[in-house]
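A look at the structure
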Amino acid sequence: MTAPATDPQTPSRERDGVRLEIDGALAVVTLCQPERRNAQSPALWRALSAVGRDLPGTVRVVLLRAEGVSFSAGLDRAMFTPEGIPGEPSFLQLAAAEPEELDGIIAGYQEAFSWWRRPDLVTIAVVQGHAVGAGFQLALGCDLRVVADDVQFSMKETSLGLVPDLAGTKPLTELVGYARALEICATGRWVGAEEAAAIGLANLAVPAGELDAAARDLAAALLAAPRNAVIETKALLQGAGGRSYDEQRSAERAAQARRLRDLAGIGD
């Protein structure tokens, strides 16, 4: 295995709580403020968005992991204070913003959570300890989730009088169904590893000491498959919920025709 490539933006990104390492077709994105339990801020979200934009086209699989005992404890508590975070809009300023301005600000925040679903990548959240609110939604942004046996998911926004607005409601509903998603969000209760695996929230739950190895084994298995076949398959599955049975059959035929032409060397 080659040494991970050096990210030229590492110093500034690490200051904002994110580290990027690239090893061929595998990228590892690490939340790297363990002393703050990887609490999230707009600066961290901008750094995550930049990682998504800056990934080289050779990357096929992305691992999202975190240092320390918690994946992410959610929003930086300073965001809830009247003063807010220096240089960032406070909650009071957000509340007073014009509707279009507020919509644009939140849309910018959501970019950090949405690029993980790109069709050319398979993304894996590697989750230990607490994944609360924004942390839960960041894990939901990924295609797959490998969790440690000490994991504790919770959607605390509703308990604070807010709603989950960082692109987490759709994947949560797709994974566990409407009724369970509503119950999890409205109560803000904890979801542990055993339940997460049972309801489809986690693909795999392992002892904490085996977490990184299990995630890398899954990444290796994904990288062993031909890239274009994985891309086509992901697109088929992502679109299945919005298609009828016959529409999905048609999409399968079109995708297979592209694959056959490509394998025969006569593709576009």
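Above this text sits the structure in question.
Nothing here was measured: the structure is a model prediction, and the numbers come from that model.

For the protein, the count of helices and strands is 11 helices and nine strands. In terms of overall size, the protein behaves like a compact globule, its C-alpha atoms giving a radius of gyration of 19 Å where 268 residues would be expected to give roughly 18 Å. For the protein, the spread of C-alpha atoms along the principal axes amounts to about 65 × 45 × 40 Å. Within the protein, the proportion of its 268 residues that are buried is 44%. Accessible area for the protein stands at about 13200 Å²; split by element, carbon and sulfur atoms hold 57% of it. Each charge class in the protein can be summarised by its mean position, and for the 26 positive and 35 negative side chains these summaries are 4 Å apart.

To characterise two packed helices, one gives the angle between the axes of the helices and the distance between these axes. For the pair helix 6 (residues 169-176) and helix 7 (residues 178-187), the least separation of the axes is 7 Å and the interaxial angle reads 125°. When the axis of helix 6 is compared with that of helix 7, the two are oblique. Once helix 6 is placed against helix 7, the crossing between them reads as right-handed. In this structure, helix 6 uses Leu 172, Thr 173 and Val 176 to contact helix 7, whose residues at the interface are Tyr 178, Arg 180, Ala 181 and Cys 185. Residues belonging to the contact of helix 6 with helix 7 are distributed by class as follows: five nonpolar, one polar and one charged.

Core analysis: the largest hydrophobic core is formed by 52 residues, its most contacted members being Phe 153 and Leu 201. If we ignore the near neighbours within four places in the chain, the residues touching Phe 153 are Val 127, Ala 131, Phe 136, Ala 139, Val 147, Arg 189, Trp 190, Val 191, Ala 196 and Leu 201. Core analysis: the next-biggest nonpolar cluster, separate from the first, contains 15 residues, Leu 144, Val 206, Leu 211 and Ala 214 among them.

Paired through backbone hydrogen bonds, the strands of a sheet run either parallel or antiparallel to each other. The strand order across the open sheet formed by six strands is 1-2-3-4-6-9, and the pairing between neighbours is mixed. Across the chains shown, the open sheet's two edge strands, defined by having one partner strand only, are strand 1 (18-23) and strand 9 (204-206). Here the strands of the sheet are splayed against their neighbours by 20° on average, with no regard to which way each runs. Strand direction decides the pairing type here: strand 2 (residues 26-31) and strand 3 (residues 61-66), joined by six bridges, are parallel. Along strand 3, the bridge assignment pairs Ala 27 with Val 62.

The subject of this paragraph is the sheet that holds strand 5 (residues 130-132). Strand order in the open sheet formed by three strands is 5-7-8, with mixed pairing between adjacent strands. Here the strands that pair on one side only, and so sit at the sheet edges, are strand 5 and strand 8 (191-192). Summarising the sheet, strand 7 (residues 152-154) and strand 8 pair through two bridges and their orientation is antiparallel. Pairing of Phe 153 across the sheet is with Val 191, part of strand 8. Of the strands in this sheet, strand 5 and strand 7 are in contact with helix 5 (residues 134-141), which crosses strand 5 at around 95°.

On to the pairing of strand 1, then. Burial runs high along strand 1: five of the six residues are buried. Inspection of the sheet shows strand 1 paired to strand 2 by six bridges, in the antiparallel sense. Of the residues in strand 2, the one forming a bridge with Asp 23 is Leu 26. Joining the antiparallel neighbours strand 1 and strand 2 is a turn of two residues, in which Gly 24 adopts a positive phi near 65°.

Before going further, it helps to examine helix 2 (residues 42-54). For an α-helix, the turn length of 3.6 residues means that residues three or four places apart are oriented alike. Counted at 1.5 Å a residue, the expected span for helix 2 with its 13 residues is 18 Å, and the 18 Å between its end C-alpha atoms agrees. In terms of residue burial, helix 2 counts as a mostly covered element, since 10 of its 13 residues are buried. Residues of helix 2 that are buried include every one of Pro 42, Ala 43, Leu 44, Trp 45, Ala 47, Leu 48, Ser 49, Ala 50, Val 51 and Gly 52, and no others.

Another point: helix 4 (residues 99-114). With 16 residues, helix 4 ought to run about 22 Å at 1.5 Å a step, and its terminal C-alpha atoms sit 22 Å apart, in line with that. The complete set of buried residues in helix 4 reads Tyr 109, Ala 112 and Phe 113. Taken together, the buried residues of helix 4 touch helix 2, helix 3 (91-96) and helix 5.

Scanning the entire structure with this criterion turns up five aromatic pairs. Judged by centre distance (3.9 Å) and plane angle (20°), the rings of Trp 115 and Trp 116 are stacked. Assigned by exposure class, Trp 115 and Trp 116 land together as buried. Each member of the aromatic cluster is reached from another via a ring pair, and the members are Trp 45, Tyr 109 and Phe 113.

What counts and what doesn't
Here the residue numbers are simple positions, counted from 1 along each chain's written sequence. At least 70 in pLDDT is required for a residue's local features to be given in this predicted model, at least 80 for side-chain atom pairs to be given and counted, and no such filter applies to totals for whole chains, interfaces and linings, which use all residues. Neither water nor hydrogens contribute to the side-chain values; these are computed over all heavy atoms in the structure. Numbering goes from the N terminus for both helices and strands, where a helix is a DSSP run of H or I of at least four residues and a strand is a run of E of at least two. The globule rule used here is 2.2 Å times the number of residues to the 0.38 power, and the radius of gyration it is set against is calculated over C-alpha atoms. Relative accessible area decides the class of each residue, using a 1.4 Å probe on protein chains only: under 20% of the type maximum gives buried, over 50% gives exposed, and in between gives partly exposed. For every accessible area listed, the method is Shrake-Rupley and the probe measures 1.4 Å; residues are considered covered only by the protein chains on display. Just so you know, the count uses Lys and Arg for positive and Asp and Glu for negative, and it drops His and the chain ends. For charged residues, the charge sits on one atom: NZ in Lys, CZ in Arg, CG in Asp, CD in Glu. Inter-axis angles, ranging from 0 to 180 degrees, are taken between N-to-C directions of lines fitted to C-alpha atoms, where helices are fitted over the stretch in contact. Our angle categories are set so that under 35 degrees counts as roughly parallel, over 145 as roughly antiparallel, 65 to 115 as roughly perpendicular, and the remainder as oblique. Helix crossings fall into two classes, left-handed where the near helix is turned counterclockwise from the far one by less than a right angle and right-handed where it is turned clockwise. The contact criterion used throughout is that any non-hydrogen atoms of two residues lie within 4.5 Å. Gly is placed with the polar residues, together with every amino acid not listed as nonpolar (Ala, Val, Leu, Ile, Met, Phe, Trp, Tyr, Cys and Pro) or charged (Asp, Glu, Lys and Arg). We call a set of buried Ala, Val, Leu, Ile, Met, Phe, Trp, Tyr and Cys residues a nonpolar core when their side-chain atoms join them within 4.5 Å. Paired strands, in this sense, are two strands between which DSSP finds at least two bridges. Multiplying 1.5 Å by the helix residue count minus one yields the expected span of that helix. Stacked, tilted and edge-to-face are the three classes applied to pairs of Phe, Tyr and Trp rings, where Trp contributes its six-membered ring and a pair requires centres within 6.5 Å; stacked means planes under 30 degrees apart, edge-to-face means over 60, and tilted covers the rest.

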